[in-house]
Amino acid sequence: MLPSSAMCNCLLSVAELYRADQAAVQCGVSSRELMENAGAAVSRAIFENWSPRRTLVLCGPGNNGGDGYVIARHLAAAGWPVQVAALGQAGKLPPDAAWHAGLWEGDVQPLGEADPAEADIVVDALFGAGLSRPLEGEVANLVLRVNRLDRPVVCVDVPSGIAGDSGQAVGSVAVRGSLTVTFFRKKPAHLLFPGRGHCGKVRLADIGIPEKVLERFAPRLWENGPELWLENWPWRQPEDHKYHAGHTLLLGGEAMTGAVRLAARGTLRIGSGLVSIAAPRGAGLVYRSDSPSLIVRDCDDTQELRGLLEAGRFTAAAAGPGLGMTPQSRQQIEVLLETGWPLVLDADALTSFSEEPRGLFDLCSSRVVLTPHDGEFRRLFADPGGSRVARARQAAETSGAVVLLKGPDTVVAAPDGRAVVNGNAPAELATAGSGDVLTGMIAGLLAQGMPAFQAAAAAIWVHAEAAQSVGSGLISEDIPFRIPQVLNLLRNRNRKLTNSQRFEEEC
Ligand SMILES: NC(=O)C1=CN([C@@H]2O[C@H](COP(=O)(O)OP(=O)(O)OC[C@H]3O[C@@H](n4cnc5c(N)ncnc54)[C@H](O)[C@@H]3O)[C@@H](O)[C@H]2O)[C@@H](O)CC1
Ligand SMILES: [K+]
């Protein structure tokens, strides 16, 4: 189960947002008022980011356009020079949008006559949740001109042309924004690429929808963050010894030894009490001359692996980075899977099964985490298409394992349908070995008893945060070094959380 604080992070689909709006109306907040609040929130974001300047507000034929008229009114009231250009006839606007259009006292140009070159900032209130087909004709031409001009563009709710649920462009044209202001809860498009790239900065605004409307939903999708897993973090307790903090086994290969050595650093730094590498004798010296904190065990075949597993008191394992793809290595993975332990499979461990994925899925359980990047994902799963969330969910259901689909917008999905999208990864993580470190981190959390879905979500967040603290010039070895810094910040945050919870309970 995820803690109740996780409600703050939930992502709502477009359909769920419409339902939230309706529920708010049933709670006594009028839809006109919601629109007023939405437009006012966007105006505040504009005031905070820019000084008065010539503004072109592009209004669409629906309620997104209605927000645009509210924004135009607020900017003009503050003395900004504002031009409104609208698509379609005012008489055909839906009722709330028509009401707010009626309060706009300035001119309204037909969209085809708008000249974005004469504006210093553009507000995109063309389409939001109701986008139902590709942008075409004069709208598409105008959006292309706006994108080419490279002016600041503020998008209302979602950049026009981007589907709120998938983050995909509905056609070939979509607004490229500098800032997107959205309402109540983010939608998947604010985190999933390419939508995320079109949003610019994303700002979430309270528009008066009562939090209690969320009681009507059972959210299954969240933006990843400590609220989802910090309560279950396996902090060391004063009386603990190393065996309380788990023993992780990493399967090492013969040739590409760097991968598991990187993974091992991640495993150690994330807190696994002991970390052992089982590796072929031929590479033993390389592994033994790495970190003195590691235990290295000789292991040339499945029989030796079985012997190790019986004697080792391991609490989790990981395999794949640098493993190679021989019949032997595949058998070793099967031996690991047969233990039923918490397990992470990455890289070669996944590709070993690409000819016959069923052989892998039949041995998986929800204690197993599969961490494919897009290529490995395509080799393993008959790609169902759709958004990255839909694809990861489908893969988790098919395999019965937790699936972490790597990318700039990594998605973690559990077989029961829960999913998170990660939003804090810096571009610098696109570097050799960063995935190996991640594999080791997930395994280290599994070894300490964290449930697989939370372990995968926590590891990807800490991994990205550690990388962010380095920034440009990052190499994968840096990530484990930065983990303590991130963990100490999390620990302080957890103490504050626990103290305030205790205070609330005492009151
Ligand atoms: N009570 C509410 O529902 C609230 C809605 N708000 C705003 O309302 C938006 C949703 O409003 P709507 O449902 O009216 O949806 P939109 O304003 O996104 O647009 C719907 C209209 O656009 C047309 N359309 C869709 N795609 C088109 C295309 N490619 N070319 C031409 N026309 C196209 C549709 O036929 C429909 O007439 C949200 O994104 C948000 O900005 C906010 O005001 C907050 C409150
Ligand atoms: K928009």
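What you see is a predicted model; the values in this text were computed from it and never measured.

The rules behind the values
- Residues numbered from 1 in each chain as written.
- Chains lettered and ligands numbered in written order.
- Predicted model: local features only at pLDDT ≥ 70, side-chain atom pairs only at ≥ 80, totals over all residues.
- Heavy atoms only, no water.
- UniProt positions renumbered as here; feature names shortened; annotations may be inferred.
- Helix = DSSP H or I, 4+ residues; strand = E, 2+ residues; numbered from the N terminus.
- Buried < 20%, exposed > 50% of the residue type's maximum accessible area, 1.4 Å probe, protein only.
- Contact = heavy atoms within 4.5 Å.
- Disulfide = S-S within 2.5 Å.
- Donors = N, O, S within 2.8 Å, 3.2 Å for Na, K, Ca; no water.

*Asks:* I would appreciate a short explanation of the UniProt feature "binding site: AMP" (unreviewed entry) in the chain in the present structure.
*Replies:* When the UniProt feature table is mapped onto this chain numbering, "binding site: AMP" (unreviewed entry) sits at Lys406, Gly407, Pro408, Asp409, Thr410 and Gly435. These residues run over 30 residues, yet every pair of their C-alpha atoms falls within 13.9 Å of each other. You can see glycine 407 is positioned in the loop between strand S15 (402–405) and strand S16 (411–413). Judged by its relative accessible area of 28%, glycine 407 is partly exposed. Position of glycine 435 among the secondary structure elements: in helix H15 (residues 434–447). Residues within four places of glycine 435 in sequence aside, it is in contact with Asp346 and Lys406.

*Asks:* Looking at this model, I keep getting lost on the state of the cysteines. Mind explaining?
*Replies:* Cysteine pairs can be covalently joined through their sulfur atoms, and such a bond is termed a disulfide. Under the definition given, this model contains 0 disulfides. No disulfide involves cysteine 10; its sulfur sits 8.3 Å from that of cysteine 8, the nearest cysteine. Under the relative-accessibility criterion, cysteine 10 is labelled buried at 2%.

*Asks:* Looking at this model, I keep getting lost on unusual backbone geometry. Mind explaining?
*Replies:* Only a minority of non-glycine residues have a phi that is not negative, and only a minority of peptide bonds are not trans. Backbone torsion omega between phenylalanine 193 and proline 194 reads 5 degrees, so that peptide bond is classified as cis. Locating proline 194 in the fold gives a position in the loop between strand S6 (179–183) and helix H6 (195–199). Although it is not a glycine, aspartate 157 sits at a positive phi angle of roughly 70 degrees. The class of aspartate 157 is buried, set by a relative accessible area of 8%.

*Asks:* What's the story with the coordination of the potassium ion (ligand 2) in this structure? I'm lost.
*Replies:* Six octahedral donors around a metal ideally subtend angles of 90 or 180 degrees, whereas four tetrahedral donors ideally subtend 109.5 degrees. Bound to the potassium ion (ligand 2) on the protein side are Asn64 (OD1), Asp124 (O), Phe127 (O), Val156 (O) and Val158 (O), at distances that span 2.6 to 3.1 Å. For the potassium ion (ligand 2), all donor residues lie on one chain, and their spacing in sequence is N-x59-D-x2-F-x28-V-x1-V. With asparagine 64 in helix H3 (residues 63–77) and valine 156 in strand S5 (residues 153–156), this pair connects stretches of sequence that are 92 residues apart.

*Asks:* Would you explain the UniProt feature "domain: YjeF C-terminal" (unreviewed entry) in the chain in this entry?
*Replies:* Per the UniProt record, the feature "domain: YjeF C-terminal" (unreviewed entry) sits at residues 225–490. From the first C-alpha to the last, residues 225–490 spans 11 Å; its make-up is 44% helix and 13% strand.

*Asks:* Help me out: how do you make sense of the environment of isoleucine 121 in this one?
*Replies:* Relative to the elements of secondary structure, isoleucine 121 occurs in strand S4 (residues 121–125). Taking the C-alpha atoms as reference points, isoleucine 121 and arginine 151, separated by 30 residues in sequence, lie 5.9 Å from one another. Those residues in contact with isoleucine 121 that sit more than four places away from it in its chain are Ile46, Trp50, Arg53, Arg54, Thr55, Leu56, Trp80, Pro152 and Val154.

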